[in-house]
Amino acid sequence: MHLSEILTHLGEEREQYFQAVAPPVIQTSNFVFPTLEAFREAFTDELSHHVYTRGNNPTVAMLRAKLAALEGAEDCLVFGSGVAAVAASVIANVNQGDHVVCVQSPYSWTKILLTTFLPRFGVSHTFVDGRDMAEIERAIQPNTKVLYLESPNSLTFDIQDLDACAQLAKSRKLVTIIDNSYASPLFQQPISHGIDLVVHSGTKYLNGHSDVVVGVVCGSKAMIKRIFDLEYMCLGGILSPHDAALVIRGLRTLELRMLRSNESAMQIASHLERHPKIERVLHPLLPSFPQYELAKKQMTGAGGLFSVYLKADNIEKVEAFIGRLLRFLMAVSWGGHESLALPMAGFYHIPGRPNSALPWNLVRFYIGLEDPKWLIDDLNQALEVI
Ligand SMILES: Cc1ncc(COP(=O)(O)O)c(C=O)c1O
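1. Concerning the packing of helix H11 (residues 254–273) against helix H14 (residues 372–383)
How two helices sit against one another is set out by the angle between their axes and by the gap between those axes.
Moving on, step 1. It is at 10 Å that the axes of H11 and H14 come closest, and there the two elements cross at 30 degrees. One finds that H11 runs roughly parallel with respect to H14. The interaxial crossing formed by H11 with H14 has right-handed handedness. Residues Arg260, Ser264, Gln267, Ile268, His271 and Leu272 of H11 lie in contact with H14, whose contacting residues are Pro372, Lys373, Leu375, Ile376, Leu379, Asn380 and Leu383.
Moving on, step 2. Of the residues contributing to the contact of H11 with H14, the split by class is 7 nonpolar, 4 polar and 2 charged.

This is the structure:
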């Protein structure tokens, strides 16, 4: 299906709501039944009938249809956060005594799910360097059920070979799950590589306006139905109809936003790579990136994220640089209209927390929708303090 069809029309049955262009927010918790027969019929399958909004809501269903199509998946569920989607996708595929193989630096709360939450229920894990297929293979045990990928990750952008991972997992009967938040379905479609479940923090690019926290799981009808029947309905981490309508609005401009961020980030990363105050730039689609060939093979773009190592010999210089930036906001997350800087130095010297495993001179940038030249001017003036 054409991308424009998905973003502007798919799932929108306008004749049912006065031919309105914008989708209605069906802001209801409950649905009524005209007959007992209809009541009984609805309870045969709550995923495709309107019973209660913790199960199925028309505004949310409209969003689900679009996201499934974007990922080339048969079906999709949306959650109240990316973390809820990650947790549901993993929990749905493990039982007590099972084991998960996961890339070594997944998103922080994914790591906590595996290291702290799931061990309480007898599920163990091994972290692997996902750049090394032999290491992944060695980590598989007789009780391994899930291979969890995040490619690229959102700080150092390590990449896994999706074809090779899917092939290995199929041969060992593992379910593959990938966090595709970095690339978005616009630039990487893991299901076409044989990956089973694709999860997103839709809070990032899919919504794209820094005003909704939302999670996504895409996969086959059968796998999605299993997640719906238990983790979705039982843990109840749903997205509200109002937030679903906001994400549908965000999706209208997904292509424009992604292309703009991608181009601007490329331009700014290339500029910084030549800057004398920058030691190194990490951007998967710069030829200097160690996994550049693999990135080019499985991604058609990279979006707005990249990281730099500043040529600073002490943390105070990093602090001074961050303090001088005028046009970058300092914040976590990414994927909105606004450009952001996330200095690893901020994760040092926090009382009660260990320092970051990443060096203090690493700064991650997210490039939003502003004029890239305007942003470069700001970076140049701030780099003067180093
Ligand atoms: C790569 C990645 N995955 C998952 C998440 C979790 O998503 P959310 O914050 O929407 O719960 C995040 C959030 O920052 C993330 O960066």
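2. Looking at the pattern of salt bridges
Should their charged atoms come close, side chains of opposite charge can pair.
Moving on, step 1. Taken as a whole and judged by the stated rule, the model has 16 salt bridges.
Moving on, step 2. Put simply, Asp75 and Lys221 hold a salt bridge, and the shortest N to O gap is 3.6 Å. Separated by 146 residues along the polypeptide, Asp75 in strand S1 (residues 75–79) and Lys221 in helix H9 (residues 221–235) bring together distant segments of the chain.
Moving on, step 3. When salt bridges that share partners are traced, they join Glu12, Arg14, Lys66 and Arg252 into one network.

3. What to know about the packing of helix H4 (residues 82–91) against H9
Moving on, step 1. Running from amino to carboxyl end, H4 crosses H9 at an angle of 135 degrees, the nearest separation of the two axes being 10 Å. Classed by the angle they form, the pair H4 and H9 counts as oblique. H4 and H9 meet at a crossing whose hand is right-handed. Between H4 and H9, the residues in contact are Ala88, Ser89 and Ile91 and Ile227, Glu231 and Leu235, respectively.

4. Remarks on the pairing of strand S3 (residues 124–128)
Moving on, step 1. Pairing between strand S2 (residues 99–103) and S3: 5 bridges, direction parallel. If you follow Val103 over to S3, its bridge partner there is Val128.
Moving on, step 2. In this fold, the crossover linking S2 to S3 by way of helix H5 (residues 108–117) has right-handed handedness.

5. Focus: the packing of aromatic side chains
Moving on, step 1. Tallying each qualifying case throughout the model produces 11 aromatic pairs.
Moving on, step 2. Summarising the aromatic geometry, the rings of Tyr205 and Tyr366 are spaced 6.2 Å apart at their centres and angled 55 degrees between planes, so their arrangement reads as tilted. Taken together, the residues span a long stretch of sequence, with Tyr205 in the loop between strand S6 (197–201) and strand S7 (215–219) and Tyr366 in strand S12 (residues 362–366) at a distance of 161 residues. Tyr366 shares its class with Tyr205; the two are buried.
Moving on, step 3. Note on Phe328 and Phe365: the rings are 5.3 Å apart at their centroids and 65 degrees apart in plane angle, and the pair reads as edge-to-face. Here the residue Phe328 occupies a position in the loop between helix H13 (315–324) and strand S10 (329–330), and Phe365 occupies one in strand S12, the gap between them amounting to 37 residues. The exposure classification of Phe328 matches that of Phe365, with both residues buried.
Moving on, step 4. Through a chain of ring-to-ring contacts, three or more aromatic side chains come together here, namely Phe306, Phe321, Phe328 and Phe365.
Moving on, step 5. Against the face of Phe127 rests Lys111, its NZ or CZ located 5.3 Å from the ring centre.
Moving on, step 6. In this structure, Lys204 packs its charged tip against the face of Trp334, placed 5.7 Å from the ring centre.

6. Here we look at the environment of Leu113
Moving on, step 1. Tracing the backbone shows Leu113 in helix H5.
Moving on, step 2. For Leu113, a relative accessible area of 8% translates into the label buried.
Moving on, step 3. Taking C-alpha positions, Leu113 is 9.2 Å from Val83, a pair spaced 30 residues apart along the chain.
Moving on, step 4. Setting aside chain neighbours within four positions, we find Leu113 in contact with Val86, Ala87, Val90, Leu118 and Pro119.

7. Quick word on the domain arrangement of the protein chain
Moving on, step 1. Taken domain by domain, the protein chain holds domain 1 (3–251) and domain 2 (254–383).
Moving on, step 2. On a C-alpha basis, the centroid separation for the pair domain 1 and domain 2 is 28 Å.
Moving on, step 3. In total, domain 1 and domain 2 occlude about 2,900 Å² of area from one another, counting both sides; carbon and sulfur atoms represent 62% of this.
Moving on, step 4. Taken together, the connections running from domain 1 to domain 2 amount to 2 salt bridges.
Moving on, step 5. A salt bridge links Lys297 to Asp163; the shortest N-O distance between them is 3.9 Å.
Moving on, step 6. Between the two partners, domain 1 and domain 2, sit 14 residue pairs in polar contact (both at pLDDT 80 or more).
Moving on, step 7. The biggest single contributor to the side of domain 1 that touches domain 2 is helix H8 (residues 184–187), with 3 residues.
Moving on, step 8. Within the side of domain 1 that touches domain 2, the residues separate by chemical class into 15 nonpolar, 14 polar and 5 charged.

Each value, and the rule that gives it
In this convention, every chain numbers its residues from 1, walking through the sequence in written order. For a predicted model such as this one, the threshold for reporting local features is a pLDDT of at least 70, and the threshold for listing and counting side-chain atom pairs is 80 or more; totals across whole chains, interfaces and linings nevertheless cover every residue. The side-chain numbers reported here are obtained from all heavy atoms of the structure, hydrogens and water having been left aside. Note on geometry: axes are lines fitted to C-alpha atoms, helical ones only across the stretch in contact, with angles between N-to-C directions running from 0 to 180 degrees. Strands are runs of DSSP state E lasting at least two residues, helices are runs of H or I lasting at least four, and both sets are numbered from the N terminus onward. Orientation is classified from the angle alone, with under 35 degrees giving roughly parallel, over 145 giving roughly antiparallel, 65 to 115 giving roughly perpendicular, and any other angle giving oblique. Crossing handedness: left-handed means the near helix sits turned counterclockwise from the far one by under a right angle, and right-handed means the same turn made clockwise. Note on contacts: a residue pair is in contact if any heavy atoms of the two residues lie within 4.5 Å. Amino acids are sorted into nonpolar (Ala, Val, Leu, Ile, Met, Phe, Trp, Tyr, Cys and Pro), charged (Asp, Glu, Lys and Arg) and polar (every other residue, Gly among them). Criterion for a salt bridge: a side-chain nitrogen of Lys or Arg within 4 Å of a carboxyl oxygen of Asp or Glu. Note on pairing: two strands pair once DSSP finds at least 2 bridges between them. We call a crossover right-handed when, viewed with both strands directed away from the observer, the connection leading from the first strand over the helix to the second proceeds clockwise. Aromatic rings from Phe, Tyr and Trp, taking only the six-membered ring of Trp, are treated as a pair when their centres fall within 6.5 Å; an angle between ring planes under 30 degrees marks them as stacked, one over 60 as edge-to-face, and anything in between as tilted. Buried, partly exposed and exposed residues are distinguished by accessible area as a fraction of the type maximum, computed with a 1.4 Å probe on protein chains only: under 20%, between the cut-offs, and over 50%, respectively. We call a charge positioned over a ring when the NZ of a Lys or the CZ of an Arg lies within 6 Å of the ring centre and within 35 degrees of the ring normal. Each domain's extent was defined by an automatic or database domain assignment. Accessible surface is computed with a 1.4 Å probe, and the buried area is the amount of it that two parts give up when combined, taken over both parts together. Counting of polar contacts relies on pairs of N or O atoms within 3.5 Å, with two restrictions inside protein: one atom must be capable of donating a hydrogen and the other of accepting it, and residues adjacent in sequence are counted only when both atoms are side-chain atoms.

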